Amino acid sequence: MRFSFPDWMNRGVSPLFNYDMNATGYLIRRYRKAAGMDLEDLAFRSGIPADRLDRMENRLEQVFDVDLVAIAEALDRSVVDFIEPKPY
C-alpha cells in the first residue's frame with residue numbers, strides 16, 4: 001500500500017520543513033551512492049524521473065517534501081537524514 005500525501009504536500013507547499021536545498025541535494029547524492037544505486041535505480045524505487053533526481057542533486061531544481069519522502073523511502077532512510085536547517 002502506497003502512502004497517501006495530504007493535499008498541501010501535493011502542491012509542493014510545506015508548513016513543516018524549512019530546509020537548505022543545497023545541502024539536501026548533496027545528501028541525496030551521498031546516500032544514493034552509499035546505497036550503491038545509480039540515478040536509474042533511485043528513479044525506479046522512488047517514482048521520480050532520473051533527470052529530475054539529477055537536477056535535485058545538482059541543486060538546479062527544488063526538492064519538494066513529497067519528493068523527499070519518496071527518496072527517503074527508496075533509500076531506506078529517514079526524511080530527517082536529508083534535512084539541514086536553513087541558516088537564519
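What counts and what doesn't
- Residues numbered from 1 in each chain as written.
- Predicted model: local features only at pLDDT ≥ 70, side-chain atom pairs only at ≥ 80, totals over all residues.
- Heavy atoms only, no water.
- Core = buried A, V, L, I, M, F, W, Y, C linked by side-chain atoms within 4.5 Å.
- Buried < 20%, exposed > 50% of the residue type's maximum accessible area, 1.4 Å probe, protein only.
- Helix = DSSP H or I, 4+ residues; strand = E, 2+ residues; numbered from the N terminus.
- Contact = heavy atoms within 4.5 Å.
- Axes fitted to C-alpha atoms, helices over the stretch in contact; angles between N-to-C directions.
- Parallel < 35°, antiparallel > 145°, perpendicular 65-115°, else oblique.
- Polar contact = N/O pair within 3.5 Å; in protein donor to acceptor, adjacent residues only side chain to side chain.

Caption draft 1: Quick look at the nonpolar core. The biggest cluster of nonpolar side chains holds 20 residues, and the ones touching the most others in it are L42, L53, I71, L75 and F82. Elements that contribute at least two residues to this core include exactly α2 (21–34), α3 (39–46), α4 (50–57) and α5 (65–74). A per-element tally of this core places α5 first, with 5 residues. Non-local contacts of L75, meaning those with residues more than four positions away in its chain, are made with I28, Y31, R32, A35, M37, L42 and F82.

Caption draft 2: A look at the packing of α3 against α5. At a minimum axis separation of 9 Å, α3 and α5 run at an interaxial angle of 110 degrees. The angle between α3 and α5 places the two elements in the roughly perpendicular class. Contacts between α3 and α5 involve L42, R45 and S46 from the former and A70, I71 and A74 from the latter.

Caption draft 3: A look at the environment of R32. Within the fold, R32 resides in helix α2. For the pair R32 and L75, spaced 43 residues apart in the sequence, the C-alpha separation amounts to 6.8 Å. Discounting chain neighbours no more than four positions away, the residues touching R32 are M37, D38, L39, L42, E57 and L75. Polar contacts involving the side chain of R32 include one to the side chain of E57, which spans 2.7 Å.

Caption draft 4: Broad picture of the side chain of D67. By secondary structure assignment, the location of D67 is in helix α5. Discounting chain neighbours no more than four positions away, the residues touching D67 are I48, R52, M56 and Q62.

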